[in-house]
Each structure stands twice: as structure tokens, then as C-alpha cells.
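If you want the building blocks of each chain, they are given just below.
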Amino acid sequence: MNITIHNVEQVYRNNSHALYPVDLEFHEGVYGLLGPNGAGKSTLMNILTMAKKPTSGTVYCNGVDINTIQNEYKSRIGYLPQTFGLFPALSGREFLMYVAALKGLSKRHAAGRIQELLSALNLNEVGDQHIASYSGGMRQRIGIAQALLNNPKFLLLDEPSVGLDPDERVNLKNLITKAAQDATVIYSTHIVSDIEALAGNIIIMKQGRILAAGAVNQLTEPVEGLVWKMNVDYSGLATLQDKYICSSSSRSSDGIEVRVLSSTPPSAGAEPVYPTLEDVYLYLIHQDKIKGESPA
Ligand SMILES: Nc1ncnc2c1ncn2[C@@H]1O[C@H](COP(=O)(O)OP(=O)(O)OP(=O)(O)O)[C@@H](O)[C@H]1O
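Worth saying up front: this structure is predicted, and the values here are computed from it rather than measured.

A.B. asks: Mind showing me how you'd approach the UniProt feature "domain: ABC transporter" (unreviewed entry) in the protein here?
C.D. replies: Taking the numbering used here, the UniProt-annotated feature "domain: ABC transporter" (unreviewed entry) corresponds to residues 3-232. Taken end to end, residues 3-232 is 33% helix and 29% strand, and its first and last C-alpha atoms sit 47 Å apart.

Here's what the structure looks like:
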């Protein structure tokens, strides 16, 4: 499925610009949509799922304006919103049957698909218990299951890993990889590690604008030569963090190994390193500060 967004803009009544005119194109595969709080990720997802009408601009599905094929388009979508309501008095299975009916799935087909998804999401044992008794992670997995019910060709997941334990995060990644074999998947998050190995394409947003879009190796190019690795002690780390954008730090045999974003070497011992997606993300989000920095 080919989705094209042309000149899509969202301005709220209070004149806040959630999206400046955006042009994007999605094909089959996983797209990571990264951005800090308020970047406009959920607004974009709501427009793509037709939950929200944009102030202006058009979304095309395989070249056709989605407004002219609403029902067909919606039947091919699976959506996990950032927040969603579940009926606590229903069991997970009953809730999924209810959503399947709304999506127009036949009862027989739905029953088989729901069993498949309860197993895939490790919810078999609790599938017939009331949702009221579910943990946060179990509720999130029911949300993921409802998004996958109709084998969507366009799957949109807003912060899907929230509340999932490490095992379930791995399981989620495997499910998404499988779904993306013949579907377009958009995975929205502000957690870079969630999508680093999963998404072939990354879109980075901030304050309603697209800062960069492309494959990870395309995005790293402008950041090459701007990332440094060095060892410091705890007080040295605090000093560095005051002056520079530090992308990650980990304990090492020589104290703390820290990655620093800087246009010049932050110290004599700093060693240049190849940028990761997290480096790219922090660079793009904080580039004004990095460009205007005063080195040590
Ligand atoms: N109904 C609304 N009325 C006015 N402004 C809104 C409304 N909904 C969202 N906004 C604003 O639009 C901008 C983008 O919000 P959005 O929820 O799309 O961001 P996000 O990237 O999904 O953030 P988060 O990671 O926190 O979920 C924010 O500045 C937000 O305050």
C-alpha cells in the first residue's frame, strides 16, 4: 500500500500549529516516527487514520484521495492510539469480538483470528478473564491485538511498547516485523531504541515540522564527525552535560564512558565515533545548541 501525504497542515482553534505543511510518502515496511512530546506525531497519526480532518492538504492511498474511498481505506487500517478505552466488564476475547464486529469481520473468521492473536501476544491464559483484572501491559497487548485483527495493510502504532516488559517488547518487535512483510507500518515513539533495529525508514519531527526523513544510514551522514567518545568521572560528567549534548553514558573500567555531540573535540582525549540513530536524533532536536556551543 502506498500512502502519500501532500501539504497536510493542522492548525488548532487556539492558533497552535500542530503540523506545518507536510509532504511524506510511505511504502511497505516499518517507518519509525520519532519526536519529542508535542512534535505532532499523534496529530499526524490521527489524520492518517481519518480520526481527524486536517486543516488543509490531502492524503492519498495508492494515488486516490482517501476522502473518496473512506470505507475501503478504513477497512484496511489497523490503529493503536496512544490512549484507548477498554470495557473492563468484558473478557479480552469478548472485547476483541466486539471490535471485530465493528470492523465487519465475520463471527467465524473473527473467532479464529482472535485465538491466533491471543496466542501471539501471550494472552491465552487470561483471554477469558475480565479486562478489569488485567495489568497495564496486558491491556496494552489487547490494544495491539485489536489493531491487528483485520490483517491491516496500513498499521499505525502510537507508542505501542508503553507498559510492556522486556520479553513482550521483543515479542512486539517480532510481530511488527512479520506484519510489515506485506504492510506499511508506522511506529510512533520518542524512544529511539524501540525502533533502531526495527524501522528501515525514520522520520524525525519537532514542533510540527519534519526535521529529517530517510534510511538510518542516510540520516547519520550529516552527523558524521560530530560525535565523540570519552571517559570521565562523575563530576566530569556533570560538567560535560552542562556544556554539551551527551547522547549516552555507561559505566566502564575507566569511569564513565560518554558520547558527546560537538562540532569540535570536547577534550584532548575525546575520540571521534560513528553516529548512532540516538546521536542523530539528539543532534537534530538540539542542533541550534550544538552549532552555538562554546567548546571547553
Ligand atoms: N485539541 C488540541 N487543541 C489545541 N492544541 C492541540 C490539540 N491537540 C494537540 N495540540 C497541540 O498540538 C501539538 C502536537 O501535539 P501531538 O499530540 O500531535 O504531539 P505528539 O508528538 O504526539 O506528542 P506526545 O509525544 O506528547 O504524544 C502540541 O503542541 C499540542 O499541544
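Text resumes after the structure shown.
A.B. asks: Please clarify how the pattern of salt bridges should be interpreted in this entry.
C.D. replies: Enumeration over the complete set of coordinates arrives at seven salt bridges. Note that Glu72 is salt-bridged to Arg76, the shortest N-O span being 3.9 Å. The partly exposed category is assigned to Glu72, whose relative accessible area is 46%. With relative accessibility at 27%, the residue Arg76 sits in the partly exposed group. Linking Arg93 and Asp128 is a salt bridge whose minimum nitrogen-to-oxygen distance equals 2.8 Å. With a gap of 35 residues between them, Arg93 in helix H3 (residues 92-102) and Asp128 in the loop between helix H4 (107-120) and helix H5 (136-148) connect regions that are remote in the sequence. Look at Asp128 and you get exposed, because its relative accessible area is 54%.

A.B. asks: Would you explain the pairing of strand S8 (residues 184-189) in this entry?
C.D. replies: Side chains on a regular strand alternate between the two faces of the sheet. Of all six residues in S8, six are buried, a share of seventy percent or more. With burial as the criterion, each face of S8 is covered, one bearing Thr184, Ile186 and Ser188 and the other bearing Val185, Tyr187 and Thr189. Summarising the sheet, strand S3 (residues 29-34) and S8 pair through six bridges and their orientation is parallel. The partner of Tyr31 across the bridge, within S8, is Ile186. Across five bridges, the pairing between strand S7 (residues 154-158) and S8 is parallel. The residue of S8 that forms the bridge with Leu157 is Tyr187. For the segment spanning S7, helix H6 (residues 166-179) and S8, crossover handedness is right-handed.

A.B. asks: Honestly, the domain arrangement of the protein in this entry has me stumped. Any pointers?
C.D. replies: Taken domain by domain, the protein holds domain 1 (3-220) and domain 2 (224-291). If you look at the interface, domain 1 gives 14 residues, while domain 2 gives 10 residues. When domain 1 packs against domain 2, the two sides together hide about 1100 Å² of surface, and 73% of this comes from carbon and sulfur. If you sort the residues of domain 1 by the area they bury against domain 2, Val192, Ile204 and Thr220 come out on top, with a joint share of 46%. Taken together, domain 1 and domain 2 are joined by zero salt bridges. Contributing elements (two or more residues each) for the side of domain 1 that touches domain 2: strand S9 (201-206), strand S10 (209-215) and helix H8 (216-220). With four residues, S9 is the largest single contributor of residues to the side of domain 1 that touches domain 2. Split by residue class, the side of domain 1 that touches domain 2 holds nine nonpolar, three polar and two charged.

A.B. asks: Help me understand the packing of H3 against H4 in this model?
C.D. replies: Angle between the axes and distance between the axes: these two values describe a pair of packed helices. Running from amino to carboxyl end, H3 crosses H4 at an angle of 135°, the nearest separation of the two axes being 10 Å. Regarding the angle of H3 to H4, the classification is oblique. Judged by the sense of rotation from one axis to the other, the crossing of H3 with H4 is right-handed. Here Arg93, Leu96, Met97 and Ala100 of H3 lie close against H4, whose contacting residues are Lys107, Ala110, Ala111, Ile114, Gln115 and Leu118.

A.B. asks: Could you clarify how one ought to interpret the sheet that holds strand S14 (residues 271-272) in this entry?
C.D. replies: Pairing between sheet strands relies on hydrogen bonds along the backbone, with the strands arranged either parallel or antiparallel. In space, the four strands of this open sheet follow the order S12-S13-S11-S14, with antiparallel pairing throughout. Only two strands of the sheet have a single neighbouring strand rather than two, namely strand S12 (245-252) and S14. As judged from the six bridges shared by strand S11 (residues 227-232) and strand S13 (residues 255-261), these two strands associate in the antiparallel manner. Its bridge partner being in S13, Trp228 is matched across the sheet by Val260. Its contacts with the sheet place helix H10 (residues 277-285) against S11, S12 and S13, and it is angled at close to 145° to S12.

Cut-off values and rules
Residues numbered from 1 in each chain as written. Predicted model: local features only at pLDDT ≥ 70, side-chain atom pairs only at ≥ 80, totals over all residues. Heavy atoms only, no water. UniProt positions renumbered as here; feature names shortened; annotations may be inferred. Helix = DSSP H or I, 4+ residues; strand = E, 2+ residues; numbered from the N terminus. Salt bridge = Lys/Arg side-chain N within 4 Å of Asp/Glu carboxyl O. Buried < 20%, exposed > 50% of the residue type's maximum accessible area, 1.4 Å probe, protein only. Pairing = 2+ DSSP bridges. Right-handed = clockwise from strand over helix to strand, strands pointing away. Domains from an automatic or database assignment. Contact = heavy atoms within 4.5 Å. Buried area = accessible area lost by both parts, 1.4 Å probe. Nonpolar A, V, L, I, M, F, W, Y, C, P; charged D, E, K, R; others polar. Axes fitted to C-alpha atoms, helices over the stretch in contact; angles between N-to-C directions. Parallel < 35°, antiparallel > 145°, perpendicular 65-115°, else oblique. Left-handed = near helix turned anticlockwise from the far one by under 90°.

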